[in-house]
Amino acid sequence: MLRRRFLQIGAASWLPTRSRAARPAAPRVVVIGGGFAGATAAKYLRQWSQQRVEVILVEPSAHFVSCPLSNLVLAGVQDLSGLTLGYDELVRRHGVTWLRERATRIDPEQRRVRLASGTELPYDRLIVAPGVDFVWSELPGMNWPGAQQSVLHAWKAGAQTTALRRQLHDMPDGGVYAISIPPLPYRCPPGPYERACLVADYLRQAKPRSKVLILDANEDVTSKAALFKQAWAERYSGLIEYRPGHRVVDVDAAQRTAKLDFHADVAADVLNVIAPMRAGDIALGCGLATTADRRWCEVDFLSFESRAVERVHVLGDALQAAPAMPKSAHMANQHGKACAAAVLALLDGQPVNPLPLYNNTCYSFVSAQEAMHVASVHRYDASRRTMLTVPGSGGLSAAPSALEADHAWSWARQIWADTLA
């Protein structure tokens, strides 16, 4: 019940109350990106408007593949098909129009989105949820032909996830798996440490003479630090080696070697390089990335409207996050709901909710059977014009457990349904 409440919190205050029965023509909202943020926004725009707003979802992928729980695939205990869902319910049940195409350009003056096919979609409001892309320029060797196909990131669940699983399966007993973690901010702060645990869990059973090496550009574990370090010491002593302050600055893919600043090169049998990140390509191409480094999108957290482009709203991992607000699936789902309500209010000429409240829950597995969580609540601070963590809210697991693993699966099923069903 508590997990269900986390997903639903704030929905009553977001829900617009004014009827749209008298509107002479249905307004159109185009949503670019069908991840946790975009799909949630599309669903709730239709549901809360009683299907009086036309919603077009532009998403080229045939299926939704969940990044949460995908590290279990690397441990050999979960098949990717069990994390793969469809967009059918958004179309059939909620009446969302799904265009399986790629958006290539946004014209904010004409309020049009151009697709790869050449089609142009006019809009009244546009929601951009492009996720993240990688800053390969910081790893020059990864731009050589074939490098990105042999040295994998697997940070977007799908083909690379199963390919990395095959590399681990083929690695000799006594081999080294090395994972590099980029500097914050990046998608899913605890994800790389969870991955190290699950790979170690697999190797401990299948290839016990092997080693997991964590090359972390950050000076310490960025999430659930004490619990992860406890797991490494108690469960994976001698198997996992953690090296903070080890930033990968280049890669020799042919030699499976990571080059580091101020440290010796590291060679590995399986090299898993998670590159520095930025907002997805479409956000950069249309001027939505407004931070000093031009990597992240700044928004008004009351409506998620871009601070640079009118009538365009940005959601999810592409944002310049508020303090202590993680780039997570749960948070993206919350963004989608809050934005949907704000867009409906703006279309109706009504004020948006002046005190939004978001929450976040994130589960991490430390083995195939045990998990742990962190939770937080965030509310709007008008004086600072951003979201701040509510003092005393949320919490952290006392220890990983099998019960928490059950909760993690329950959370996943609930958020998949809340986003897509």
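Residues numbered from 1 in each chain as written. Predicted model: local features only at pLDDT ≥ 70, side-chain atom pairs only at ≥ 80, totals over all residues. Heavy atoms only, no water.

- As recorded in an unreviewed UniProt entry, the chain goes by Flavocytochrome C and comes from Malikia spinosa.

Considerations on the overall build of the chain
Logical step 1: Within the chain, the secondary structure is distributed over twelve helices and 25 strands.
Logical step 2: Taking 22 Å as the expected radius of gyration for a compact globule of 421 residues, we find that the chain reaches 21 Å, a close match to that expectation.
Logical step 3: Seen through its C-alpha atoms, the chain measures out along the principal axes to roughly 70 × 45 × 40 Å.
Logical step 4: Across the 421 residues in the chain, those meeting the buried criterion constitute 57%.
Logical step 5: Put simply, of all contacts in the chain between residues at least 6 apart along the chain, 69% involve residues at least 24 apart.
Logical step 6: Total accessible area on the chain stands at roughly 17200 Å², and carbon and sulfur atoms take up 50% of it. (Helix = DSSP H or I, 4+ residues; strand = E, 2+ residues; numbered from the N terminus. Rg over C-alpha atoms; globule rule 2.2 N^0.38 Å. Buried < 20%, exposed > 50% of the residue type's maximum accessible area, 1.4 Å probe, protein only. Contact = heavy atoms within 4.5 Å. Areas by Shrake-Rupley, 256 points an atom, 1.4 Å probe, with all protein chains shown as cover.)

What to know about the packing of helix α11 (residues 329–347) against helix α12 (residues 402–420)
Logical step 1: Closest axis-to-axis distance for the α11/α12 pair is 11 Å, and the angle between their directions is 25 degrees. One way to sum up the angle between α11 and α12 is to call them roughly parallel. Read as a crossing pair, α11 and α12 show a hand that is left-handed. Of the residues in α12, those touching α11 at Ala329, His330, Asn333 and Lys337 are Trp411, Ile415, Asp418 and Thr419.
Logical step 2: Partitioning the contact of α11 with α12 into residue classes produces three nonpolar, three polar and two charged. (Axes fitted to C-alpha atoms, helices over the stretch in contact; angles between N-to-C directions. Parallel < 35°, antiparallel > 145°, perpendicular 65-115°, else oblique. Left-handed = near helix turned anticlockwise from the far one by under 90°. Nonpolar A, V, L, I, M, F, W, Y, C, P; charged D, E, K, R; others polar.)

Here's the deal with the UniProt feature "domain: Flavocytochrome c sulphide dehydrogenase flavin-binding" (unreviewed entry) in the chain
Logical step 1: Residues annotated in UniProt with the feature "domain: Flavocytochrome c sulphide dehydrogenase flavin-binding" (unreviewed entry) correspond here to residues 355–420.
Logical step 2: Annotated as residues 355–420, this span is 29% helix and 39% strand, and its ends, taken at the C-alpha atoms, are 26 Å apart. (UniProt positions renumbered as here; feature names shortened; annotations may be inferred.)

Points about the sheet that holds strand β14 (residues 248–252)
By definition, the strands of a sheet pair up through backbone hydrogen bonds, in either a parallel or an antiparallel sense.
Logical step 1: An order of β14-β15-β16 is seen for the three strands of this open sheet, with the pairing classed as antiparallel. The sheet is open, and its two edges are formed by β14 and β16 (266–267), each paired on a single side.
Logical step 2: Pairing analysis gives four bridges linking β14 to strand β15 (residues 257–260), with the strands arranged antiparallel. Along β15, the bridge assignment pairs Val248 with Leu260. (Pairing = 2+ DSSP bridges.)

Quick notes on unusual backbone geometry
Logical step 1: With an omega dihedral of 0 degrees, the bond running from Leu184 to Pro185 counts as a cis peptide bond.
Logical step 2: With respect to the element layout, Pro185 can be found in the loop between β11 (176–181) and α8 (191–206).
Logical step 3: Unlike most non-glycine residues, Arg256 shows phi in positive territory, near 50 degrees.
Logical step 4: The phi dihedral of Arg385 falls on the positive side, at around 55 degrees, and the residue is not glycine.
Logical step 5: Relative to the assigned elements, Arg385 resides in the loop between β23 (371–381) and β24 (386–389).

Thoughts on the domain arrangement of the chain
Logical step 1: Entries for the chain in the domain assignment read domain 1 (28–134 + 278–352) and domain 2 (137–275).
Logical step 2: Taken over C-alpha atoms, the centre of domain 1 sits 29 Å from the centre of domain 2.
Logical step 3: At the junction of the two partners, domain 1 supplies 20 residues and domain 2 supplies 23 residues.
Logical step 4: Between domain 1 and domain 2, the buried area comes to about 1900 Å², and carbon and sulfur atoms account for 66% of it.
Logical step 5: The largest per-residue losses of area from domain 1 upon contact with domain 2 belong to Asn71, Leu74 and Phe134, which jointly make up 39% of the total buried on that side.
Logical step 6: At the junction of domain 1 and domain 2, the tally comes to three salt bridges.
Logical step 7: As a salt-bridge pair, Arg187 and Asp317 come within 2.6 Å of each other at their nearest N and O atoms.
Logical step 8: For the pair domain 1 and domain 2, the number of links is nine residue pairs in polar contact (both at pLDDT 80 or more).
Logical step 9: Of all elements in the fold, only α4 (71–74) and β10 (132–134) reach the threshold of two or more residues within the side of domain 1 that touches domain 2.
Logical step 10: It is α4 that provides the largest number of residues to the side of domain 1 that touches domain 2, a total of four residues.
Logical step 11: Class assignment for the residues of the side of domain 1 that touches domain 2 results in eleven nonpolar, five polar and four charged. (Domains from an automatic or database assignment. Buried area = accessible area lost by both parts, 1.4 Å probe. Salt bridge = Lys/Arg side-chain N within 4 Å of Asp/Glu carboxyl O. Polar contact = N/O pair within 3.5 Å; in protein donor to acceptor, adjacent residues only side chain to side chain.)

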